[in-house]
Amino acid sequence: MATTETPATPATPTENHEIVPKNEMIHEHSHEMVPEDAMIREHNHEMVPENEMIHEHNHEMVPENEMIHQHNHEMVPEHEMTHEHSHEMVPENEMTHEHSHEMVPENEMTHEHHHEMTHEHNHEMVSENEMTHEHHMVLGNEIVPRHEMVPDDEMIPLNEMVLAEPQPNYIETPPNNPETQPSKRRKKKSIVWEHFTIENMGGGTRRAQCKQCKQSFAYSTGSKVAGTSHLKRHIAKGTCPVVLRNQQNNNQLSPYSTPSKMSGYGGSTDPPKRRYRTASAPYLAFDPDRCRQDISRMIIMHDYPLHMVEHPGFLAFVHNLQPRFDMVSFNTVQGDCVATYLREKQAIQKVIEGVPGRICLTLDMWSSCYTVGYVFITGQYIDSDWKIHRKILNIIMEPHPDSDTAFSHAVAACLSDWSMEGKLFSVTINQPLGDFAVDNLRALLSVKNPLVLNGQLLLGSCLARTLSSIAQGAFKFLHGTVKKVRDSVKYVKTSESHEEKFIELKQQLQVPSTKILALDEQTQWNTTYEMLLAASELKEVFSCLDTSDPDYKDAPSMEDWKQVEVLCTYLKILFDTANLLTAPTIPTTNTFFHEAWKIQLELARAAANEDPSISSLTKTMQEEFDKYWKNCCLILAIAVVMDPRFKMKLVEFSFTKIYGEEAATYVKIVEEGIHELFLEYVALPLPLTPTYAEEVNGGALKQENGGAGEVGLTDFDTYIMETTSQQSRSELDQYLEESLLPRVHEFDVVGWWKLNRMKYPTLSKMARDILSVPVSTVTADSVFSTVGKEMDCYRCSLRPETVEALICAKDWLQNASANTLHAPIKMEVPI
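What counts and what doesn't
- Residues numbered from 1 in each chain as written.
- Predicted model: local features only at pLDDT ≥ 70, side-chain atom pairs only at ≥ 80, totals over all residues.
- Heavy atoms only, no water.
- UniProt positions renumbered as here; feature names shortened; annotations may be inferred.
- Helix = DSSP H or I, 4+ residues; strand = E, 2+ residues; numbered from the N terminus.
- Buried < 20%, exposed > 50% of the residue type's maximum accessible area, 1.4 Å probe, protein only.
- Contact = heavy atoms within 4.5 Å.
- Areas by Shrake-Rupley, 256 points an atom, 1.4 Å probe, with all protein chains shown as cover.
- Core = buried A, V, L, I, M, F, W, Y, C linked by side-chain atoms within 4.5 Å.
- Salt bridge = Lys/Arg side-chain N within 4 Å of Asp/Glu carboxyl O.
- Pairing = 2+ DSSP bridges.
- Expected span 1.5 Å × (residues − 1).
- Bend = angle between axes of the 7 residues up to and from the residue.

As annotated in an unreviewed UniProt entry, the protein carries the name BED-type domain-containing protein and comes from Anisodus tanguticus. Its UniProt record, at the heading Subcellular location (unreviewed entry), says of the protein: "Nucleus". Taken directly from UniProt, the Subunit (unreviewed entry) text for the protein runs: "Homodimer."

See the structure below:
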């Protein structure tokens, strides 16, 4: 650009300078007069308006709103582009070639090296949106190396484009023009400086450091400036590991990402100035409804309090994470949780309706700080695919948990809620019931449900609670001895110096035990057993510890250690059985006949032992387990008869060991019971479920709608039972007379009945129900607990319906994707 010279008014020359008006300036060499608003270009003597800037290295004049490419020293104006070495200003619609200085129209550019577009000397035209510069290509005003060119189909959509602010440039004053005053340093506008800091490295070198990942990048050395393009790419393209990780976790755009619409003044939408290739993570639109669902699922899955949506800390966190989300209130999130529960319940309801067999229930009463009780009702069943399942069905609040009607009321509510009248097989309860409470429950179930085997299988005791009660009674019986051992372990474990002396003494005595001492948690009886077992194996070290450590006193005596050994011997039987209840998969009922008869036999022998130290300890243990054995022996025995590896043979063998000469009487009870139960299954009408229709005759039998064809068939089921009873009875006899299967350690008993359901159509249905009877009412984490479960005060403050929704929905969601196949059984039969 050039300014029009103004003739000077004649005056007395002073140092070859002419006198010019106030608003004009004299160029140092050409003595041309320029307006006041112009600046002097040092070398090419061109006049530049005030709003134009001088590039530091190539001395080009650029308007203030133009950007300088700092690696290639190009001037990249918003509407103009200049070639690197031409030193000429190019009008908005023109561009100059490096050597020919020819004018090129706005929609044309010249190629410098690439032989496929424009050769350096033949001045061929290239498209308006492309220009090569020293093996680089300019796309959308951005210089990109040729090997990094992005095809048109991979260009970034408009709503993912990145706006780039210009790197701060500084106006330089030519050193040989003292009359020109430097302007003030412009404020840095680039958004990149929100993510980088400048560090002076010395020697005129400065580097830019990422605030997130602390990586350092070149910025300037002396007068050479590296620019900010590589810094922007570090953030925008996802190469910063911290930014990339945050994007993946939060599904949010990068710091350079912009909304899909950028409204300017007057409602106009301006296209972005530059495009940067960003990370390939998909953009997820903000969905407030999805956020509400996630909050409710989070509260359900992790037992968070519902009031957390009103906690200031959580509100601040959510607002900073997504300011557009309006946080829900307590009432809203409570409704969302209940809605989640109802959605899941619909699916469970369909499953319950389609169960081909019967359903077994467990009842576990929880206490609370408000003297009300909560009955946890769990259903266990085998589905049409012959897979065993366990699901929480109801949480019933009982205002009077000690009343005789508490359990019967809870069961009645469950049967009504799930429409299970006629499908109940057994009920297992976590605590002993009084005679009146048992009568109430039996009376209710006889009306709501046909009694199976005259109700003898209806009520059962919880095996886990029984074992915990026996262990707790044994610890109480040897309270003094257990306390001495616990104090000795505490002396060693609570002091580092004491433990070092103990280990040193153990090495000197060469005690071979590999047990590690640990204090017990007195609410978990297995930890007390493990503490006593480890201390018993290290008793020699404890006995000699006072010689190397005079502060150690009150060591257990030899008689104490003998009592500990006896206690550990019989606790081990209980411990091994309880461990089966902690398995992640659901064991079948026949598994526990093996465990129960071994415990009954060992405790009976110990109680009759001539050694008073053994008999006195085990007598109370045997008396308590004998109550469980009498209550559950029949159902456990029938279950093991349904195992084709044992049938009645194991019942005969084990009863002979336990009852001696009276064994035949008890064996006969089991034989009569299993035959009577089988006849009841023969008499049962075919349930109106699609599953049975598909199973019978390989799916050939189809149910027909009722109508005129059923007239006169009222007694048809009775006739079928009478004419086929002998044949059906022989189905059980045939099974019992067949030889036993080999006793493999891993055997899928339910799978065996699935394979043989065509051979034993009625017996397989009976086996399916018997093998699904639960022996425990508690979850795996409470098997060893010595205290009853208690509902926390916060849950008690909620409505009973909300408590039920939260607990049941959590159980269903956790098991939604889990395939709850029963575990293959590992048998160790003491024969």
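Moving on from the model shown.
Colleague: Help me understand the overall build of the protein in this model?
Modeller: When its secondary structure is counted, the protein shows 23 helices and 26 strands. When the 831 residues of the protein are sorted by exposure, 45% land in the buried category. When contacts within the protein are restricted to residue pairs at least 6 apart in sequence, those whose partners lie at least 24 apart make up 62%. Summed over all atoms, the accessible surface of the protein reaches about 43200 Å², with 51% contributed by carbon and sulfur.

Colleague: I keep staring at the nonpolar core and nothing clicks. Help me out?
Modeller: In summary, soluble globular proteins display a tendency toward joint burial of nonpolar side chains. Residues F542, F593, F625, M642 and W753 are the most contacted members of the largest nonpolar core, which totals 106 residues. In terms of residues, this core owes the most to one element, helix α15 (residues 612–641), which gives 16 residues. Apart from the residues lying within four places of it in its own chain, the contact partners of F625 are L463, T466, L467, I470, A596, I599, Q600 and L603. Grouped together as the second largest cluster of nonpolar side chains are 60 residues, F330, V333, V372 and L441 included.

Colleague: Quick question: what am I supposed to make of unusual backbone geometry here?
Modeller: Glycine aside, negative phi is the norm for most residues, and most peptide bonds take the trans geometry. Backbone geometry places K214, a non-glycine residue, at a positive phi of 65°. Here K214 shows up in the loop between β16 (205–210) and β17 (216–221). The class for K214 is exposed, based on a relative accessible area of 53%. Its identity as a non-glycine residue notwithstanding, Q510 has a phi of 55°, on the positive side. The residue Q510 is located in the loop between α10 (496–509) and α11 (525–537) in this model. Exposure remark for Q510: the relative accessible area of 66% places this residue in the exposed category.

Colleague: I would appreciate a short explanation of the pattern of salt bridges in the present structure.
Modeller: Opposite charge on two side chains makes pairing possible when the charged atoms of those side chains draw close. Here the structure, examined in full by the defined rule, presents 17 salt bridges. Among the salt bridges present, the one from E565 reaches K539, with a minimum N-O distance of 2.4 Å. Of this pair, E565 sits in helix α13 (residues 558–580) while K539 sits in helix α12 (residues 539–548); the two residues are 26 residues apart in sequence, bridging distant segments of the chain. Between D576 and K572 there is a salt bridge; the shortest N-O distance is 2.8 Å. Placement of the pair is D576 and K572 together in helix α13, with a separation of four residues, close to one helical turn. On the basis of relative accessible area, K572 is assigned to the partly exposed category, the value being 43%. Linked by salt bridges that have partners in common, D303, R795 and K810 make up one network.

Colleague: Before we go on, may I ask you to explain the pairing of strand β19 (residues 359–368) in this structure?
Modeller: Consecutive side chains along a regular strand alternate between the two faces of the sheet. The buried fraction of β19 is high, at nine of ten residues. Pairing analysis gives five bridges linking β19 to strand β22 (residues 424–429), with the strands arranged parallel. Pairing of I359 across the sheet is with L424, part of β22. Counting the residues in the hairpin turn of β19 and strand β20 (residues 373–382) gives four residues, including T371, whose phi is positive at 65°. Pairing analysis gives two bridges linking β19 to strand β25 (residues 790–791), with the strands arranged parallel. Counterpart to S368 in the pairing with β25 is M791.

Colleague: What is the right way to look at the pairing of β20 in this model?
Modeller: Judged by how many residues are buried, β20 sits mostly within the fold: ten of ten residues are covered. Every second residue of β20 is oriented toward a common face, with G373, V375, I377, G379 and Y381 on one face and Y374, F376, T378, Q380 and I382 on the other, all of them buried. Alignment of β19 against β20, held across seven bridges, turns out to be antiparallel. Looking across to β20, one finds that W366 is bridged to Y374. With ten bridges joining them, β20 and strand β21 (residues 388–398) adopt antiparallel strand pairing. In the strand pairing of β21, V375 is matched with I396. What sits between β20 and β21 in their antiparallel hairpin is a turn of five residues, with W386 showing a positive phi close to 65°.

Colleague: How should I be thinking about the side chain of S536 in this particular structure?
Modeller: With respect to the helices, strands and loops of the structure, S536 is situated in helix α11. Excluding residues within four positions of it along the chain, S536 makes contact with W561, V564 and E565.

Colleague: Got a minute to help me understand α13 in this structure?
Modeller: Think of an α-helix as 3.6 residues a turn; residues three or four steps apart then line up on the same face. Taking 1.5 Å as the rise per residue, α13 with 23 residues should run 33 Å; its terminal C-alpha atoms sit 34 Å apart, in good agreement. The axis of α13 is deflected most strongly, by about 30°, at L571. When we look at burial in α13, the residues that qualify are D560, W561, V564, V566, L567, C568, Y570, L571, L574, F575, T577 and A578. Structurally, α13 contributes buried residues whose contacts are with α8 (463–477), α9 (479–493), α11, α12, α14 (591–607) and α15.

Colleague: I'm lost on the sheet that holds β16 in this one. Help?
Modeller: Spatially, the four strands line up as an open sheet ordered β15-β16-β17-β18, and their pairing is antiparallel. The sheet terminates laterally at β15 (196–202) and β18 (224–225), the two strands that pair on one side only. Bridging between β17 and β18 involves two bridges; their strand directions are antiparallel. Each bridged residue has a counterpart across the sheet, and for S220 the counterpart in β18 is V225.

Colleague: Sorry, what's going on with helix α17 (residues 663–683) here?
Modeller: With 21 residues, α17 extends 31 Å from end C-alpha to end C-alpha; this agrees with the ideal 30 Å at 1.5 Å per step. Inspection of α17 places A663, V667, V670, G673, I674, L677, F678, Y681 and V682 among the buried residues, and these make up the whole buried set.

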